[in-house]
Amino acid sequence: MCGSTPLTGGKCRHIALVAETAADARDVMVGDGKGPGEGSGVLQVHPKDFMPIYSSSLRRLTWPNGAIATLYNGTEPDQLRGPEHDGAWIDELAKFALAQDVWDQLQFGLRLGTQPRVLITTTPRPTRLLKGIVADPKTHVTRGRTADNIANLAPTFVSSIMARYAGTRLGRQELDAEILEDTPGALWKLSDIEATRIQPEQLPVLRRIVVAIDPAVSNNENSDGNRNNRRRPG
C-alpha cells in the first residue's frame, strides 16, 4: 500500500477490507480501540512512519500517500457492487454465510491497476468456494499452525487448548489449518470416490436404467402398544 517513504506510491491505491460483520472489520481487521501489541489489526502492526488514519464514519483507512482502504461486511454483498479496487483483504471467508455472493461481487470490482490481487486469511473449512480457490493454479497457499505462533499467545491458552484439542478432528482444522473433507465414520471417503470417477464419454451404453424408490411408511400404535396397520378399503 505504501512505498519506501510515507508519500511514495505503493502497489495498491483502492483496497477492500472485507470481514463477516461490520464489527469484525472494525475490531479485528482495523483494530480500532486497541493499542500496539494488543491485536493483529492494521493499526496494531503497521509501521508508525506510514500509519493510516481511520475514519469510522466513512468506513475508511487513509494512508499518507493517498491510498485508501474501505471496510465492507459479508452480510451485505451488494456493498461491493459498483466500487472498484486494485486489492482486497478478506478475513475468515470460510465462515461467511453469503461467501459466494461476497466473492462474486468482489471479483467484478477488482478492475483497477495492472494486477489486482486478493489476500484471504481464514481458518479452513471444506466449503465449495474455499476448495475452488485453493485448487486454482493462480492461488498461492500459505499455512500457519497455532504452534508456529506460540510466542504471541498467552501460555495458559496454549496449554489448555493443546491439551484438549491437539490430535482431534477439530484441532486439525482449528490448530493445524487442515481442510477436512471426510465425515468421521463415513463408509466412503471422498478421495476414494474421486479416484474412481469416470468422464461421461467413458460411460458404456446403458440398456436399462433402474430408479429405486424408498417410500416413507408409518405405523400407528394404540394405547395398548399394538400397531394398527392401515389398510385400503375393498
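Here's what I pulled together on the structure shown here. (Residues numbered from 1 in each chain as written. Predicted model: local features only at pLDDT ≥ 70, side-chain atom pairs only at ≥ 80, totals over all residues. Heavy atoms only, no water.)

## Here's the deal with the overall build of the chain
- Across its full length, the chain carries seven helices and eight strands.
- Out of the 234 residues in the chain, the part that is buried amounts to 26%.
- When contacts within the chain are restricted to residue pairs at least 6 apart in sequence, those whose partners lie at least 24 apart make up 57%. (Helix = DSSP H or I, 4+ residues; strand = E, 2+ residues; numbered from the N terminus. Buried < 20%, exposed > 50% of the residue type's maximum accessible area, 1.4 Å probe, protein only. Contact = heavy atoms within 4.5 Å.)

## Considerations on the layout of surface pockets
- Of the pockets and cavities examined, the largest pocket occupies roughly 1,500 Å³.
- As for the largest pocket, its lining consists of 38 residues, of which L119, I120, T121, T122 and T142 are closest to the centre.
- For the lining of the largest pocket, the secondary-structure elements that each account for two or more residues are α3 (99–109), β6 (117–121), α4 (128–135) and α6 (169–174).
- The element that contributes the greatest number of residues to the lining of the largest pocket is β6, accounting for five residues. (1 Å grid on protein atoms, 1.4 Å probe; cavity = no way out; pocket = protein on both sides within 12 Å on 5 of 7 lines; lining within 4 Å. Points joined across faces, edges and corners; volume = space filled by probe spheres on them.)

## Some points on the pairing of strand β5 (residues 87–91)
- The buried fraction of β5 is high, at five of five residues.
- Neither face of β5 is left uncovered, since the one carrying G87, W89 and D91 and the one carrying A88 and I90 both have all their residues buried.
- In this sheet, β5 lies alongside strand β1 (residues 14–19) in parallel orientation, the contact comprising four bridges. Residue pairing across strands places V18 opposite I90, the latter belonging to β5.
- Two elements, β5 and β6, share five bridges in a ladder whose sense is parallel. Residue pairing in the sheet places I90 in a bridge with I120 of β6. (Pairing = 2+ DSSP bridges.)

## A closer look at the pattern of salt bridges
- Following the criterion strictly, the structure yields eight salt bridges and no others.
- Across the pair R26 and D27 runs a salt bridge whose closest N-O atoms are separated by 3.1 Å.
- Among the residues examined, D27 registers a relative accessible area of 29% and is labelled partly exposed.
- Put simply, D176 and R145 hold a salt bridge, and the shortest N to O gap is 3.4 Å. In this pair, D176 sits in the loop between α6 and α7 (190–195) while R145 sits in the loop between α4 and α5 (155–165), placing the two residues 31 residues apart along the sequence.
- Connected through shared salt-bridge partners, R145, D148 and D176 make up one network. (Salt bridge = Lys/Arg side-chain N within 4 Å of Asp/Glu carboxyl O.)

## Let's talk about the packing of aromatic side chains
- Enumeration over the complete set of coordinates arrives at zero aromatic pairs.
- The residue whose ring lies beneath R59 is Y72, and the NZ or CZ to ring-centre distance is 5.4 Å. (Phe/Tyr/Trp six-rings, centres within 6.5 Å; stacked < 30°, edge-to-face > 60°. Lys NZ or Arg CZ within 6 Å of the ring centre and 35° of its normal.)

## Regarding unusual backbone geometry
- Notably, R59 is not glycine yet its phi reads approximately 55°, a positive angle.
- Looking at the secondary structure, you find R59 in the loop between β2 (53–55) and β3 (60–62).
- R59 gets classed as partly exposed once you look at its relative accessible area, which sits at 34%.
- The backbone phi angle of E92 is positive, close to 60°, even though this residue is not glycine.
- Relative to the helices and strands, E92 resides in the loop between β5 and α3.
- Residue classification places E92 among the partly exposed positions, given a relative accessible area of 24%.

That is the geometry; function is a separate question.
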